[in-house]
Amino acid sequence: MNTIKAFHEQPHEAKSKLYTRAHDREWVIYTSNYDLYRTNTATWHDSLAVWLSPEKKRAGEKEIPEVYRKELLAWDLHSEKVAETLLELLSEGLGLGAEKFKDLGFLVTKLIVGHYHPYCPQPDLTVGLTPHTDSGLTVLLQNQVGGLQVKHDDEWVDVEPIPGALTINIGDTIQIMSNDKYVSVEHRVLAKASKEPRISVVAFFNLETESDTNYFGPLPELLTLDKPALYRKFTMPEFQEGFYSKGLDSKSFIQKIRL
Ligand code: OGA
Ligand code: NI
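Residues numbered from 1 in each chain as written. Chains lettered and ligands numbered in written order. Predicted model: local features only at pLDDT ≥ 70, side-chain atom pairs only at ≥ 80, totals over all residues. Heavy atoms only, no water.

For the protein, the name recorded in an unreviewed UniProt entry is Fe2OG dioxygenase domain-containing protein, with Quercus rubra as its organism. Quoted verbatim from the Sequence similarities (unreviewed entry) field of UniProt, the annotation for the protein is "Belongs to the iron/ascorbate-dependent oxidoreductase family." (UniProt positions renumbered as here; feature names shortened; annotations may be inferred.)

A.B. asks: Let's hear about the overall build of the protein: which residues, and what values?
C.D. replies: Assigned secondary structure in the protein consists of 7 helices and 12 strands. When the backbone C-alpha atoms are referred to their principal axes, the protein occupies close to 60 × 40 × 35 Å. Looking at the protein residue by residue over its 259 residues, the buried ones come to 49%. Split by element, the accessible area of the protein, about 13000 Å² in all, is 53% carbon and sulfur. Considering the protein, the positive charge centre built from 29 side chains and the negative charge centre built from 37 side chains are found 2 Å apart. (Helix = DSSP H or I, 4+ residues; strand = E, 2+ residues; numbered from the N terminus. Buried < 20%, exposed > 50% of the residue type's maximum accessible area, 1.4 Å probe, protein only. Areas by Shrake-Rupley, 256 points an atom, 1.4 Å probe, with all protein chains shown as cover. Lys, Arg positive; Asp, Glu negative; His and termini not counted. Charge placed at Lys NZ, Arg CZ, Asp CG, Glu CD.)

A.B. asks: Mind laying out the sheet that holds strand β4 (residues 127-132), listing which residues take part and the relevant values?
C.D. replies: Within the open sheet, the 4 strands sit side by side as β4-β9-β6-β7. Their pairing is antiparallel. With one partner strand each, in any of the chains shown, β4 and β7 (155-158) form the two edges of the open sheet. Adjacent strand axes in the sheet meet at a mean angle of 30 degrees when their direction is disregarded. Bridging between strand β6 (residues 148-152) and strand β9 (residues 187-190) involves 3 bridges; their strand directions are antiparallel. (Pairing = 2+ DSSP bridges. Axes fitted to C-alpha atoms, helices over the stretch in contact; angles between N-to-C directions.)

A.B. asks: Requested: an account of the site of ligand 1, with residues and values cited.
C.D. replies: As a matter of local geometry, ligand 1 sits amid H115, L129, H132, D134, L140, L148, H187, V189, R198, S200, V202 and F204. A distance of 3.0 Å is found between an oxygen atom of ligand 1 and a side-chain nitrogen or oxygen belonging to H132. Separating an oxygen atom of ligand 1 from a side-chain N or O atom of S200 is a distance of 2.5 Å. In isolation ligand 1 offers 290 Å² of accessible surface; the protein chains occlude 95% of this area. Going through the elements one at a time, β4, β9 and β10 (198-206) are the ones with two or more residues in the shell around ligand 1. With 4 residues, the single largest contributor to the shell around ligand 1 is β10. Of the residues contributing to the shell around ligand 1, the split by class is 6 nonpolar, 4 polar and 2 charged. (Near = heavy atom within 4 Å. Polar contact = N/O pair within 3.5 Å; in protein donor to acceptor, adjacent residues only side chain to side chain. Nonpolar A, V, L, I, M, F, W, Y, C, P; charged D, E, K, R; others polar.)

A.B. asks: Give me the nonpolar core: which residues, what numbers.
C.D. replies: In terms of nonpolar packing, the biggest core is built from 52 residues, with V50, Y68 and F101 touching the most fellow members. Element by element, the count of residues in this core is highest for helix α3 (residues 66-93), at 7 residues. Contact partners of F101, with chain neighbours within four places excluded, come to L87, L90, S91, L94, F106, I174, M177, Y182 and L219. In terms of nonpolar packing, the next biggest core, distinct from the first, is built from 7 residues, L129, V159, V189 and V202 among them. (Core = buried A, V, L, I, M, F, W, Y, C linked by side-chain atoms within 4.5 Å. Contact = heavy atoms within 4.5 Å.)

A.B. asks: Quick rundown of the pairing of strand β5 (residues 137-142)? Include the residues and the values.
C.D. replies: The buried count for β5 comes to 6 of 6 residues, which makes it a mostly enclosed element. Across the two faces of β5 the burial is the same, with L137, V139 and L141 and T138, L140 and Q142 all buried. Relative to strand β8 (residues 167-170), β5 is paired through 4 bridges, and the arrangement is antiparallel. From the neighbouring strand, L140 faces β8, where its bridge partner is T167. Across 6 bridges, β5 lies against β10 in antiparallel orientation. Bridge pairing in β10 places L137 opposite F205.

A.B. asks: I'd like a description of the sheet that holds strand β1 (residues 28-32), backed by residues and values.
C.D. replies: Taken in spatial order, the 6 strands line up as β1-β2-β3-β10-β5-β8 in an open sheet, and their pairing is antiparallel. Every other strand in the sheet has two partners, leaving β1 and β8 as the edge strands with one partner each. Within this sheet the neighbouring strands show an average axis-to-axis angle of 20 degrees, counted without direction. Sheet topology note: the β1/strand β2 (residues 46-53) ladder contains 5 bridges and is antiparallel. Bridge pairing links I29 to A49 in β2. Running at roughly 120 degrees to strand β3 (residues 109-117), α3 makes contact with β2, β3, β5, β8 and β10 of the sheet.

Rendered as structure tokens:
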């Protein structure tokens, strides 16, 4: 977190070389509001996103800003071990073999995003990050400033920062494949009038996103006459289209494919 903070606190000229909105062509992306032109709401944060997987998208080491490189590459390995263990537990929690979610490809796509929320003089006029759900499995670190909230029983609840703790989000594809046994979490970040910037480092693990012949859906092992599939099958390009065309949003794809 200190090194992503150092990256964001460099002079403008050092960062602007990496500024891009070509999210489909660049593997190290410095941007502000990744959905700026697809949403009605601009939000109060900048981000540095680094692709780490699949191999053809993996950022070259030299492309990763030097202030952040060593730490990011270490976190790539450690966060993946966390994700791997969690995927095993989530599979076992459904009564399936430990390898199931990994075999389906939940470690195939990996992106680590370091967000920086600067001091906001009028936090009640904006938000840090608009409400949304993530797509796969998310391993999130936040500093002590706080602001992350989850929706629980229709109320926003603070996710209090705990030093050294990770926050894990279940995303929409896990909800669909588990046939609602696991439910994706709606979350947002409030803007804060804190002089100290809010830092978070968010590792996203996701399915292979490009094949349009690879169908996913509720896992057949979980379905019975009493518990039929709640969703139709989908491909990841179909999932991504909704996810990336409208900007951040909550569960609209889940609603679209619900039977
Ligand atoms: C995200 C996200 C929350 C945070 O990047 O998807 O929800 O604390 N981030 O940065
Ligand atoms: Ni999120």
